[in-house]
Structure formats: C-alpha cells, structure tokens
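Given next are the chains, with one letter for each unit.
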Amino acid sequence: MPRIKTTVVGSYPVLPWMVGHPSRLVLRDAVMAVLKTQELAGLDLVTDGELQRFDANHPEANGMVDYFVAQLDGIRKAVSPADFERWRADRAAGYQLPGATVVGKIGPGTLNLPRDCDLTRSLTRSPLKFTCTGPHMMARMLDNRHYPDLPELAMDLAGVLRHQLELVEADVVQLDEAAIAGSPQDARWAAEAINHVLDGVLCETAVHICFGNYGGQPMLRGFWRDLIPFLNALHADHLVLEFARRGYDELEVFGELDPRIGLGIGVIDIKDNEVESPELIASRIENIMKTLGPGRLRYVHPDCGFWMLQRSVADRKMRALVEGRDLFEGRV
C-alpha cells in the first residue's frame with residue numbers, strides 16, 4: 001500500500017522580521033526559513049507558507065483574496081462612501097467584504113504566479129505544493145458591479161488563474177475554496193469555474209475545502225454530505241478537507257466519493273493551541289483507514305492554514321503530524 005504523505009494546507013505564521021521590512025531579500029529569507037522548518041519536521045510536501053502574500057499595511061490578514069484581486073485588472077480597491085452604504089444595506093451580501101469592487105472586465109494585471117513559484121522552487125529540493133485561492137471564493141468575496149452574475153465573473157477569474165497556473169512548475173497545485181461549504185447552492189457553476197483552472201494545470205492537482213477560520217472559530221456552517229455531488233464533479237487528483245475540529249462522524253459519506261479522487265484528511269486542529277500527540281494522530285489515521293478502506297487516504301495534514309497560530313505551536317504540530325503518521329505505519 002502506498003505510503004500516506006504528510007503536508008500542510010498552505011499558510012504559516014508571519015515571521016516577525018517581515019513586519020516593517022517589506023523587501024524582496026527579507027521575503028526570500030523568510031520563505032527559506034519556513035521551507036527549512038517543514039523539511040526538518042519531515043513533511044513530504046512543503047509550501048512557501050504563503051508568505052509572499054503578506055502585506056505590511058494589513059498584517060492582520062493573510063492575503064488569501066486581497067493578494068490576488070489587488071493585482072487584477074477590472075477591480076477597484078478604494079471604497080467610496082456610496083460603496084459602503086450599498087454594501088451595508090445589502091442584507092443578502094453574506095460573505096462579501098466591502099474591500100474590492102469589480103468595475104470592469106477581469107484581466108491579469110500585474111499578477112505573476114509563476115514568478116512567485118519560481119522564488120520558492122529555487123530555495124528547496126523537496127516536493128513543492130503551490131497554493132492559489134480559487135475562482136469561486138474570489139467571486140464570492142468581491143462586490144460585483146460589472147458582470148451580470150457571479151458565474152460569469154467566476155469564469156473570467158478562472159481564465160486568468162488558468163493562464164497563470166499553466167506555467168507554474170510545482171509538484172502539486174492546490175486551489176483553496178473556503179466559501180463553497182457555506183454556499184452549496186453554487187455547486188454547478190463553482191465546479192465549472194474550478195475545473196476550468198484545474199484542466200490547465202500540468203502537475204498533480206488538489207482542492208482544499210474548509211469551514212473557515214478566524215480567531216479560532218469556524219465562519220461557515222454546513223455538512224459534507226451536501227457537497228458530495230460537487231466534489232464528484234471536480235477534476236482534482238485529490239481533496240484537502242477539514243475534519244479534526246469537526247470530528248469524523250461524517251467520514252462514511254465519502255464512500256460515495258468517486259474513487260478516482262484521492263483524499264487528504266485533516267488530523268491536526270488548527271483552531272486549538274494544544275499540540276496533538278503522535279498517538280492521537282495515529283488513532284485518527286487508523287479510524288480513517290477503517291472507515292474508508294485501504295488506498296483511499298493519500299495525505300494527512302492540518303485542517304487549514306497555520307497563519308493564526310504561534311510559530312512554536314505550528315512547528316510542534318507539524319512534527320507531531322509526521323510522528324503520528326510514522327507511528328501508524330509502524331516506522332517508529
């Protein structure tokens with residue numbers, strides 16, 4: 001049976017020397033430190049910690065949407081009083097933020113994802129995962145004042161992302177879709193936009209779905225069973241799913257998942273500062289294997305990104321993840 005691989009979802013806590021020193025050299029050193037930390041922990045698949053998205057003017061955010069949309073054509077970042085009043089009055093806005101308004105046709109602008117990946121690739125010889133926010137989440141987070149509907153906006157966003165990610169040289173490309181769990185009614189057009197991106201990627205593809213995290217609290221409500229038809233429609237090689245915080249009662253519904261799609265299951269709770277023991281992680285993996293059967297579990301990882309945790313906590317959770325996987329496989 002193939003070995004279960006360990007990885008992270010993407011983000012890592014911002015390193016303290018990045019604040020107030022937004023230079024390319026400082027960024028390079030920070031990314032190198034994060035890569036080395038993951039390598040020392042023994043992870044099979046590493047990321048850049050998404051540190052290239054850090055904005056010193058907004059250190060409270062991780063740039064999951066802003067980093068991308070701030071560089072695209074057709075989007076206005078400045079918020080007028082009229083924009084704010086309209087957004088505040090719109091009770092149906094839900095998950096939108098009054099931070100970026102679509103005022104024209106979406107274009108690539110200055111976004112350069114191949115350059116971002118090249119920086120990271122030059123700093124490690126380990127297998128590399130490159131993460132990118134997906135078109136459904138971007139569309140849901142923007143204030144659309146140009147396109148007739150969100151599906152059309154999402155497809156134009158997907159076109160830009162596909163063109164960029166076609167040129168990315170990574171071992172895995174992962175799209176992060178942290179809004180679909182709260183909007184299962186979007187499943188049809190969300191899958192079309194996501195698949196348009198995935199079909200252009202030349203390496204292994206993944207889609208990460210979670211229920212949000214801010215201040216250690218989930219931001220969305222929903223059930224995995226409602227998303228199974230959506231997940232089956234995806235052209236992804238594997239999924240990256242939140243489970244540790246929610247528990248594993250819903251695992252059985254993944255018996256209905258198309259077997260061509262591999263599974264990555266969260267075994268580390270990123271909404272809790274307590275570091276899991278290797279024994280606990282091994283028991284979670286055992287439960288997953290018993291429920292889903294051999295060969296279905298390809299990756300174990302945290303539920304979501306580490307960016308809201310302290311570095312000392314994130315580092316110990318990564319080491320525990322690897323030790324727990326090794327314990328399950330009888331390698332320690």
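Residues numbered from 1 in each chain as written. Predicted model: local features only at pLDDT ≥ 70, side-chain atom pairs only at ≥ 80, totals over all residues. Heavy atoms only, no water.

Here the focus is the packing of aromatic side chains. For the structure shown, the criterion picks out six aromatic pairs. For the pair Tyr 67 and Phe 68, a centre-to-centre distance of 5.5 Å together with 85° between the ring planes defines the contact as edge-to-face. Each member of the pair Tyr 67 and Phe 68 is classed as buried. Between Trp 224 and Phe 254, the ring centres sit 5.9 Å apart and the planes meet at 65°, which makes this aromatic pair edge-to-face. One end of the pair, Trp 224, is in the loop between β7 (204-209) and α8 (228-233); the other, Phe 254, is in the loop between β8 (238-241) and β9 (262-268), and 30 residues separate them in sequence. (Phe/Tyr/Trp six-rings, centres within 6.5 Å; stacked < 30°, edge-to-face > 60°. Buried < 20%, exposed > 50% of the residue type's maximum accessible area, 1.4 Å probe, protein only. Helix = DSSP H or I, 4+ residues; strand = E, 2+ residues; numbered from the N terminus.)

This paragraph deals with the sheet that holds β7. Strands belonging to one sheet form pairs held by backbone hydrogen bonds; the direction of such a pair is parallel or antiparallel. If you trace the seven strands from one edge of the open sheet to the other, you get β1-β10-β9-β8-β7-β6-β4, paired in parallel fashion. The open sheet has two edge strands, β1 (5-6) and β4 (129-133), and neither has a second partner. Relative to β9, helix α9 (residues 278-292) is tilted by about 150°, and along the sheet it contacts β9 and β10 (297-302). (Pairing = 2+ DSSP bridges. Contact = heavy atoms within 4.5 Å. Axes fitted to C-alpha atoms, helices over the stretch in contact; angles between N-to-C directions.)

Glancing now at the side chain of Gln 52. With respect to the element layout, Gln 52 can be found in the loop between α1 (24-41) and α2 (66-69). For Gln 52, the side chain forms a polar contact with the side chain of Asp 48, separated by 3.1 Å. Among the polar contacts listed, one links the side chain of Gln 52 to the side chain of Thr 120, at a separation of 3.2 Å. Setting aside residues up to four positions removed in sequence, Gln 52 forms contacts with Arg 24, Leu 27, Val 31, Tyr 67, Asp 116, Leu 119 and Thr 120. (Polar contact = N/O pair within 3.5 Å; in protein donor to acceptor, adjacent residues only side chain to side chain.)

Turning to the nonpolar core, a few remarks are in order. Counting 106 residues, the largest nonpolar core has Leu 165, Ile 209, Phe 230, Leu 231, Leu 239 and Phe 254 as its most contacted members. With eight residues, the top contributor of residues to this core is helix α6 (residues 150-165). (Core = buried A, V, L, I, M, F, W, Y, C linked by side-chain atoms within 4.5 Å.)

We now examine the packing of α1 against helix α4 (residues 113-121). Between α1 and α4, whose axes approach to 10 Å, the crossing angle comes to 60°. With respect to α4, the axis of α1 lies oblique. Once α1 is placed against α4, the crossing between them reads as right-handed. Counted together, Arg 24, Leu 27, Arg 28, Val 31 and Leu 35 of α1 and Arg 115, Leu 119 and Thr 120 of α4 form the full contact between these two elements. Partitioned by chemical class, the residues of the contact of α1 with α4 number four nonpolar, one polar and three charged. (Parallel < 35°, antiparallel > 145°, perpendicular 65-115°, else oblique. Left-handed = near helix turned anticlockwise from the far one by under 90°. Nonpolar A, V, L, I, M, F, W, Y, C, P; charged D, E, K, R; others polar.)

Take the pairing of β4 next. Burial analysis of β4 places five of its five residues in the buried class, which makes it a mostly covered element. The side-chain alternation of β4 yields two buried faces, one formed by Lys 129, Thr 131 and Thr 133 and the other by Phe 130 and Cys 132. The sheet contact formed by β4 and strand β6 (residues 172-176) spans five bridges and is parallel. Residue Thr 133 lies in a different strand from β6, and its bridge partner there is Asp 176.

Functional significance is not addressed by these values, which are geometric in nature.
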